[in-house]
Amino acid sequence: MATGSGQSRLWHPFANMAEVKDDKFVVDRAEGVWLYDRDGKRYLDGTAGLWYCNVGHGRTEIVDAVAEQMRRLDNYFTFNDYSNEPAEELARRLSGLAPMDEAKIFLTTGGGESIDTAAKLARLYWARRGEPERTHLISRRQSYHGTNGLGTSIAGIEGNRHGFGPLVAEATRVAYDDAEELRAAIERIGAEKVAAFFAEPVIGAGGARPPEPGYLEAVAKICAENDVLFIADSVIGGFGRLGGWFGVERWGLRPDMITFAKGVTSGYLPLGGVAVSARVSDVFWEAPGAPFMHGPTYSGHPSVAAAALANLDILERENLLARSRELEKPLHDALLRLADHSAVAEVRGGTGLIGAVEIEADILAGDKGLITRMQKAVRERGAIVRVLCGNALVVSPPLTITEAELTLLADTIEAGINAALTA
Ligand code: PMP
């Protein structure tokens, strides 16, 4: 084991610890789009961490902004009437960027908390509107909405829901690519019982799947026709990953709520939140009544907010949203060169800086470890990719990557696939 002296006690998420405890990849430092291990070997960060490091690593502006804030007011909470200027400023700024009228911003510490916040808010909204029976949550197969209680209940990746005992029963999954299934589900359940529909604009963890043309517009319309709240989960899609601030602009969507995280700080510090449209927030902001009995300790943490503000400055100053839009075709083209490879079943992407290379099922069948060996062979050759759905190598590079580095990424994936096949 290469993790220092003694046996590791660190339990890794989504990991088979029986294997990982003795075999770890220890990242030592990072700069721009490059990671370095402890031997000084460098790796192209083809995934921007877990889809989040949109501005790249080593941004001293973010470090300095956080240090300055920490020296002034390191931390304080925002429960009840307590506030701080970085949290206020961040909410003002995000509200101005969100594609909804007078967005209110509820801050959390990550994506999963944001999903659970949005789900609770949706149910409470209906209860306050006098329709407490609207509790049902609909999501899509293959969707990922974090690992908190409600997010686990609506998970569209089957394996992420099992083994935990009974989850929320009022949860239904529909096909990820067929809007008519949503309409049918709402009819079957009864619109008067449905609180909200959750959708990632581009499915991330479920295999990097862009929406079918017209799909998102159609589900938004079905939600509106049935008075069901439409919640876009832009935890991956926001802050430039799909070319806009909140991951939905390219389809002209105006969701009732948008969950965000990851790219809002480029992962420098943990932050998430929910942008809430006036339709929903008015019930809470304009009417006296009971408070929303919900909120994580670090909601509105001033030093985290300072990281987000500095990150937004970089995204704006360097025009990284436009850059993402420019790079999405070169990324897709680079990966498409692998489409003719005999081991490749499909290349997905072309909508935002997200791409997947799916390996042929018959090649993977009978060799359970092959896809992981491919990922590790890519890594040994100097690039980070992720395995998703057990059959795809997925990339989501920083928005600062160059076209030459995109080519290098695709070449390294090809070399890794070939090496694993011939080993
Ligand atoms: N929603 C989506 C679409 C995500 O991709 C993720 C994380 N990958 C989450 C929610 C959960 O976010 P977190 O891991 O920060 O809780």
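Criteria and cut-off values
- Residues numbered from 1 in each chain as written.
- Predicted model: local features only at pLDDT ≥ 70, side-chain atom pairs only at ≥ 80, totals over all residues.
- Heavy atoms only, no water.
- UniProt positions renumbered as here; feature names shortened; annotations may be inferred.
- Helix = DSSP H or I, 4+ residues; strand = E, 2+ residues; numbered from the N terminus.
- Buried < 20%, exposed > 50% of the residue type's maximum accessible area, 1.4 Å probe, protein only.
- Lys, Arg positive; Asp, Glu negative; His and termini not counted.
- Salt bridge = Lys/Arg side-chain N within 4 Å of Asp/Glu carboxyl O.
- Contact = heavy atoms within 4.5 Å.
- Near = heavy atom within 4 Å.
- Polar contact = N/O pair within 3.5 Å; in protein donor to acceptor, adjacent residues only side chain to side chain.
- Areas by Shrake-Rupley, 256 points an atom, 1.4 Å probe, with all protein chains shown as cover.
- Nonpolar A, V, L, I, M, F, W, Y, C, P; charged D, E, K, R; others polar.
- Pairing = 2+ DSSP bridges.

- As recorded in an unreviewed UniProt entry, the chain goes by Adenosylmethionine-8-amino-7-oxononanoate aminotransferase and comes from Prauserella flavalba.
- Quoted verbatim from the Sequence similarities (unreviewed entry) field of UniProt, the annotation for the chain is "Belongs to the class-III pyridoxal-phosphate-dependent aminotransferase family."
- Checking UniProt for the chain, the heading Cofactor (unreviewed entry) contains the comment "pyridoxal 5'-phosphate".

### Focus on the side chain of lysine 104
- For lysine 104, the location among the structural elements is in strand E4 (residues 104–108).
- Although buried, lysine 104 forms no salt bridge, and the nearest oppositely charged side chain, glutamate 102, lies 4.2 Å from it.
- When sequence neighbours within four positions are dropped, the list of residues in contact with lysine 104 reads Val274, Ala275, Val276, Ser281 and Trp285.

### Points about the site of the ligand
- In the vicinity of the ligand, the contacting residues are Gly110, Gly111, Gly112, Tyr144, His145, Gly146, Glu200, Asp233, Val235, Ile236 and Lys262.
- With respect to the ligand, the backbone of glycine 111 contributes an N or O atom lying 2.8 Å from an oxygen atom.
- Between the ligand and tyrosine 144 there is a distance of 3.4 Å, counted from a nitrogen atom to a backbone nitrogen or oxygen.
- Alone, the ligand offers 390 Å² of accessible surface; in the complex the protein occludes 80% of this.
- Classifying every residue of the shell around the ligand gives 3 nonpolar, 5 polar and 3 charged.

### Side note on the pairing of strand E6 (residues 171–174)
- Neither face of E6 is left uncovered, since the one carrying Ala171 and Arg173 and the one carrying Thr172 and Val174 both have all their residues buried.
- Here strand E5 (residues 136–140) pairs with E6 via 4 bridges, running parallel. Looking across to E6, one finds that arginine 140 is bridged to valine 174.

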